[in-house]
Amino acid sequence: FGVLIPMSSCYSQIHNVDASIKYAQEAYEVADRYDLGEDKNISAMTNYANILLSSGKEKEALDLLNSVRYNKADDEVKALICNSISYIYAEQGKFDKAIEFSQSAVSLSNETIYFHNLAVNYSNAKDYIKAGNALKKSWELAVGDMRTMFLQNREDDYGHIWDKYKEFIKLPVSFLWQTDNAEILKYAYNSLLMTKSIQLATSLRFR
């Protein structure tokens, strides 16, 4: 199992579609057959779905994710799968379906990434009021998590923590060219202030 996923990724990178799908499918089937643990099962499943998607096989990827979603009882697993399905629909430009599955993800799990994706999908659908609401939740979760991480780790680790959360913190700024929604403007301003303060603190520590 340990070499099957890397093999599928390597073949994907050199555009050998058939071999990439073959190894991804084998990894998924091995993980499912021998019950290697939830982490490995999810890793194999998401890798297989992503390989199918990158190979232009959207229907097969959706069928796989949906079959797993209905067979799993754990809400965190279902949320992850719903979020993956929303990415597929967003890639296809089917933003109504992408929003539907993003909403399912956030109803199952209070993870920053799911609210972040929901905000992006609403933005793509030009619904900036709902995008602003999802963005607010995503931003506040990210800031809360980042502050907790800062308190629990050494200053030497702050750069890595910022790298992990900066995509969520900076998201409102990326929406500015699309809308003048007040909620988005407010969080874009907050994002700029936070980014500047972190950059200043990093500069002072370096000096």
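As a convention, each chain's residues are numbered from 1 in the sequence order in which they are written. Totals for whole chains, interfaces and linings use all residues, but because this is a predicted model, local features are given only for residues with pLDDT of at least 70 and pairs of side-chain atoms are given and counted only at 80 or more. No hydrogens and no water enter the side-chain calculation; it runs on all heavy atoms of the structure.

1. Side note on the overall build of the chain
Line of reasoning, step 1. When helices and strands are tallied, the chain shows 10 helices and zero strands.
Line of reasoning, step 2. Ordered by position from the N terminus, the helices and strands of the chain form the series α-α-α-α-α-α-α-α-α-α.
Line of reasoning, step 3. We call a residue buried when its accessible area falls under 20% of the maximum for its residue type, exposed when it is over 50%, and partly exposed in between, using a 1.4 Å probe and counting protein chains only. When burial is assessed residue by residue, the chain has 42% of its 207 residues classed as buried.
Line of reasoning, step 4. Working rule for contacts: check all heavy atoms of both residues, and any pair within 4.5 Å makes them a contact. For the chain, contacts bridging at least 24 residues in sequence account for 52% of all contacts bridging at least 6.
Line of reasoning, step 5. Total accessible area on the chain stands at roughly 11,700 Å², and carbon and sulfur atoms take up 52% of it. Counting from the N terminus, the helices are DSSP H or I runs at least four residues long and the strands are E runs at least two residues long. All accessibility values rest on the Shrake-Rupley procedure with a 1.4 Å probe; residue burial counts only the protein chains present in the view.

2. Examining the side chain of asparagine 47
Line of reasoning, step 1. Tracing the chain through its elements places asparagine 47 in helix H3 (residues 38-54).
Line of reasoning, step 2. Asparagine 47 sits in the buried class, given a relative accessible area of 12%.
Line of reasoning, step 3. Of note is the side chain of asparagine 47, whose polar atom sits 3.1 Å from the side chain of serine 8. Contacts described as polar in this section are N or O atom pairs within 3.5 Å, which, within protein, must combine one atom able to donate a hydrogen with one able to accept it, while residues neighboring in sequence count only if both atoms come from side chains.

3. Topic: helix H7 (residues 112-124)
Line of reasoning, step 1. By definition here, a helix of n residues has an expected span of 1.5 Å times n minus one. Helix length check: H7, at 13 residues, gives a terminal C-alpha distance of 18 Å against a target of 18 Å (1.5 Å per residue), a fit within 8%.
Line of reasoning, step 2. Most of H7 is tucked away, with 10 of its 13 residues classed as buried.
Line of reasoning, step 3. Within H7, burial applies to Thr112, Tyr114, Phe115, His116, Asn117, Leu118, Ala119, Asn121, Tyr122 and Ser123.
Line of reasoning, step 4. Here the buried face of H7 lies against helix H5 (75-91), helix H6 (95-108), helix H8 (128-152) and helix H9 (158-174).
Line of reasoning, step 5. Of the residues one or two after H7, lysine 126 is the one with positive phi, at around 65°.

4. Quick look at the packing of H6 against H7
The axes of two packed helices give the description: the angle between them and the distance between them.
Line of reasoning, step 1. Between the N-to-C directions of two axes lies an angle of 0 to 180 degrees, each axis being a line fitted to C-alpha atoms and, for a helix, fitted only over the stretch in contact. At their nearest, the axes of H6 and H7 sit 9 Å apart, and the two run at 160° to each other. Compared by their axis directions, H6 and H7 come out roughly antiparallel. Regarding H6 and H7, the two cross each other, and that crossing is left-handed. Contacts from Phe95, Ala98, Ile99, Ser102, Gln103, Ala105 and Val106 in H6 reach Tyr114, Phe115, Asn117, Leu118, Asn121, Tyr122 and Asn124 in H7. Any angle that is under 35 degrees is reported as roughly parallel, and any over 145 degrees as roughly antiparallel; angles of 65 to 115 degrees are reported as roughly perpendicular and all others as oblique. Note on convention: the crossing is left-handed when the near helix lies turned anticlockwise from the far helix by less than a right angle, right-handed when the turn is clockwise.

5. Concerning H6
Line of reasoning, step 1. If you check H6, its first and last C-alpha atoms are 20 Å apart, about what 14 residues at 1.5 Å a residue would give, namely 20 Å.
Line of reasoning, step 2. Residues of H6 that are buried include every one of Ala98, Ile99, Phe101, Ser102, Ala105 and Val106, and no others.

6. Some thoughts on the packing of aromatic side chains
Think of a pair of aromatic rings as described by two things: how far the centres are apart, and how the planes are tilted against each other in angle.
Line of reasoning, step 1. Classification of ring pairs uses Phe, Tyr and Trp, with its six-membered ring standing for Trp, and accepts pairs whose centres are within 6.5 Å; under 30 degrees between planes counts as stacked, over 60 as edge-to-face, and the remaining range as tilted. Within the structure shown, the criterion is met by three aromatic pairs.
Line of reasoning, step 2. Judged by centre distance (5.6 Å) and plane angle (0°), the ring pair of tyrosine 11 and tyrosine 23 falls under stacked. Pair noted here: tyrosine 11 is in helix H1 (residues 4-13) and tyrosine 23 is in helix H2 (residues 17-34), with a separation of 12 residues, a long-range link.
Line of reasoning, step 3. Given a relative accessible area of 25%, tyrosine 11 falls into the partly exposed group.
Line of reasoning, step 4. Geometry around tyrosine 23 places lysine 22 over its ring, the cationic atom sitting 4.4 Å from the centre.
Line of reasoning, step 5. Note on criteria: charge over ring means Lys NZ or Arg CZ within 6 Å of the ring centre, with the direction from the centre no more than 35 degrees off the ring normal. When the ring centre of phenylalanine 115 is taken as reference, the NZ or CZ atom of lysine 137 above it lies at 5.8 Å.

7. Here we look at the packing of H5 against H6
Line of reasoning, step 1. Relative to each other, H5 and H6 sit at 165°, their axes nearing to 8 Å. Taken together, H5 and H6 sit at an angle that is classed as roughly antiparallel. Read as a crossing pair, H5 and H6 show a hand that is left-handed. When H5 is examined against H6, the residues Asp75, Lys78, Ala79, Cys82, Asn83, Ile85, Ser86, Tyr89 and Ala90 are found in contact with a partner set consisting of Phe95, Lys97, Ala98, Phe101, Ser102, Ser104, Ala105 and Leu108.
Line of reasoning, step 2. Amino acid classes used here: Ala, Val, Leu, Ile, Met, Phe, Trp, Tyr, Cys and Pro are nonpolar; Asp, Glu, Lys and Arg are charged; the rest, including Gly, are polar. Its residues assigned to classes, the contact of H5 with H6 shows 10 nonpolar, four polar and three charged.

8. Details of the environment of serine 54
Line of reasoning, step 1. Residue placement: serine 54 occurs in helix H3.
Line of reasoning, step 2. The sequence separation of serine 54 and histidine 15 amounts to 39 residues, and the corresponding C-alpha distance is 9.9 Å.

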